[in-house]
Amino acid sequence: MTGLLAAVLVGVGGGLGAAVRFWAADTIKARRPDGFPWGTWIVNALGALLIGLVTGWLAFSDAGEHWHLLLAIGVCGGFTTFSTAIVETVTMMRGGRHAAAVGHALSTLAVSWAAVVAGFALMAALLG
Amino acid sequence: MTSPGRPPHQDLRLVTLVAAGGAVGSVARYLVSLVLPHEPGEWPWSTFAVNLAGAFLLGWLLEALARRGPETPRLRRVRLFFGTGMLGGFTTYSSLALDITQLTGDGTWPAALGYAGATLLLGTLAALLGVLLGARTPPSTFGRLLRGRDDR
């Protein structure tokens, strides 16, 4: 696979992932305007589940490297975001909500970690 | 350019703008991973670097924009393309979580906890530094791009 094709796969997946993140996070935010940034939190958890599923599928099938570039590096990478999540943590800190900020940062990390494990385990059970 | 009354995330032109930024940011992230490659189970320097850099830049951008007063349509497009799109696509939580599971899967819990802790702590610091810098960025910086008044 040429380097250009690899970059195109990542770019297409990343653009798609970012657009869906924008739509999904703001839709959630509009419905749950309670000061906790659920939009990014849920998006990151879902994206982590998806990368677990994709990584498991790739590990137990003959699917090629281009799927990894399109789905894992592209779609999951563009869909999830560290920058927005950590700026939301900092915004809560600056608002004096220190415990909520720590809870936000740690729960995002823990749930995303568990989501990857669950996604991979599910694919291992199905295909392994 | 923005249709009145419709929330930004339901405006197809703004969603397309985020997609374009996300594509650029994701390709940039991929290029960094080619420069700083790592095997599963090794410290993921490329993800570490893009996440810290992206946290700093997004903290700076959002604070600099917020200091320009109420968000005009042009400032919103700047925020959505560079912030939500480019920096959102540049940084990643899925690879962060995946790399941590690969470290814990190898039984190297100290490395996994070190990587997770360092990313969260230094990421918070980087975003805070960005916010401090953004609060001190004069409106004339980057010319029309960050100016608050005039619109469209």
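No experiment lies behind these values; they were computed from the predicted model shown.

Enquirer: Help me out: how do you make sense of the overall build of chain A in this one?
Expert: For chain A, the count of helices and strands is five helices and zero strands. If you list the helices and strands of chain A from N to C, you get α-α-α-α-α. On the principal axes, the C-alpha backbone points of chain A span a range of 50 × 35 × 25 Å. The 128 residues of chain A split such that 52% are buried. Here the contacts in chain A between residues at least 6 apart in sequence split such that 76% fall between residues at least 24 apart.

Enquirer: What am I meant to see in the overall build of chain B here?
Expert: Looking only at helices and strands, chain B features five helices and zero strands. Its helices and strands in sequence order give chain B the pattern α-α-α-α-α, from N to C terminus. Projected onto the principal axes, the alpha-carbon positions of chain B cover approximately 55 × 35 × 25 Å. Counting across all 152 residues of chain B, residues that qualify as buried make up 48%. For chain B, the share of sequence-separated contacts (at least 6 apart) that also reach a separation of at least 24 residues comes to 75%.

Enquirer: I tried to follow the UniProt feature "binding site: Na(+)" (unreviewed entry) in chain B on my own but got confused; where do I start?
Expert: Here the UniProt feature "binding site: Na(+)" (unreviewed entry) sits at G88 and T91 of chain B. Relative to the helices and strands, G88 of chain B resides in helix α3 (residues 73–90). The contacts of G88 of chain B, once residues within four sequence positions are left out, are A18, R21, T81, S83 and T84 of chain A together with G22, G25 and G83 of chain B. With respect to the secondary-structure elements, T91 of chain B resides in the loop between α3 and α4 (94–105). Beyond its immediate sequence surroundings of up to four residues, T91 of chain B is in contact with T81, F82 and S83 of chain A together with V50, N51, G54 and A55 of chain B.

Enquirer: How do you make sense of the packing of helix α2 (residues 38–59) of chain A against helix α3 (residues 65–79) of chain A when you look at a structure like this?
Expert: All names here are of chain A. Contact geometry for α2 and α3: axes closest at 9 Å, N-to-C directions at 170°. By the angle class used here, α2 and α3 are roughly antiparallel. Of α3, the residues touching α2 (which contributes V43, G47, L50, I51, V54, T55 and L58) are W67, H68, L71, A72, C76 and F79. Looking at the contact of α2 with α3 residue by residue, the classes come out as 10 nonpolar, three polar and no charged.

Enquirer: Just to check I follow, could you spell out the UniProt feature "transmembrane region" (unreviewed entry) in chain B for this structure?
Expert: On the UniProt side, "transmembrane region" (unreviewed entry) is annotated at positions that read residues 12–31, 43–66, 78–100 and 112–135 of chain B here. What you have in residues 78–100 of chain B is 87% helix and 0% strand, and the ends, taken at the C-alpha atoms, are 33 Å apart.

Enquirer: Can you walk me through the interface of chain B and chain A in this structure?
Expert: Where interface size is quoted, it is often the accessible area lost as the parts come together. Each partner contributes to the interface: chain B provides 43 residues, whereas chain A provides 44 residues. Elements that contribute at least two residues to the side of chain B that touches chain A include exactly α1 (12–35), α2 (45–66), α3, α4 and α5 (109–135) of chain B. No other element matches α1 of chain B, which puts 12 residues into the side of chain B that touches chain A. Residue composition of the side of chain B that touches chain A, grouped by class: 23 nonpolar, 19 polar and one charged.

Enquirer: Honestly, the nonpolar core in this entry has me stumped. Any pointers?
Expert: As a rule of thumb, nonpolar side chains are buried together in soluble globular proteins. Of all hydrophobic cores here, the largest spans 80 residues; its most connected members are V18, A55, A97 and A127 of chain B. In terms of residues, this core owes the most to one element, α2 of chain B, which gives 11 residues. Setting aside its immediate chain neighbours within four residues, V18 of chain B contacts A18, A19 and F22 of chain A together with L80, T84 and G85 of chain B.

Enquirer: Where do I start with the UniProt feature "binding site: Na(+)" (unreviewed entry) in chain A in this structure?
Expert: Mapped onto this numbering, the UniProt entry annotates "binding site: Na(+)" (unreviewed entry) at G77 and T80 of chain A. Contact partners of G77 of chain A, with chain neighbours within four places excluded, come to G14 and G17 of chain A together with S26, R29, G89, T92, S94 and S95 of chain B. Secondary-structure assignment places T80 of chain A in the loop between α3 and α4 (82–94). On the basis of neighbour count, T80 of chain A is assigned to the buried category, with 31 C-beta atoms found within 10 Å. With residues near it in sequence (within four places) discarded, T80 of chain A still touches V43, N44, G47 and A48 of chain A together with T92, Y93 and S94 of chain B.

Enquirer: Help me out: how do you make sense of the UniProt feature "transmembrane region" (unreviewed entry) in chain A in this one?
Expert: All names here are of chain A. UniProt marks residues 41–60, 67–86 and 106–127 with the feature "transmembrane region" (unreviewed entry), using the numbering shown here. Regarding residues 41–60, the helix share stands at 95% and the strand share at 0%, and the terminal C-alpha atoms are separated by 29 Å. Structurally, residues 67–86 comprises 90% helix and 0% strand, and the distance from its first C-alpha atom to its last is 29 Å.

How each quantity is defined
- Residues numbered from 1 in each chain as written.
- Chains lettered and ligands numbered in written order.
- Predicted model: local features only at pLDDT ≥ 70, side-chain atom pairs only at ≥ 80, totals over all residues.
- Helix = DSSP H or I, 4+ residues; strand = E, 2+ residues; numbered from the N terminus.
- Buried ≥ 20, exposed ≤ 12 C-beta atoms within 10 Å, placed from the backbone.
- Contact = placed C-beta atoms within 7 Å.
- UniProt positions renumbered as here; feature names shortened; annotations may be inferred.
- Axes fitted to C-alpha atoms, helices over the stretch in contact; angles between N-to-C directions.
- Parallel < 35°, antiparallel > 145°, perpendicular 65-115°, else oblique.
- Nonpolar A, V, L, I, M, F, W, Y, C, P; charged D, E, K, R; others polar.
- Core = buried A, V, L, I, M, F, W, Y, C linked by C-beta atoms within 7 Å.

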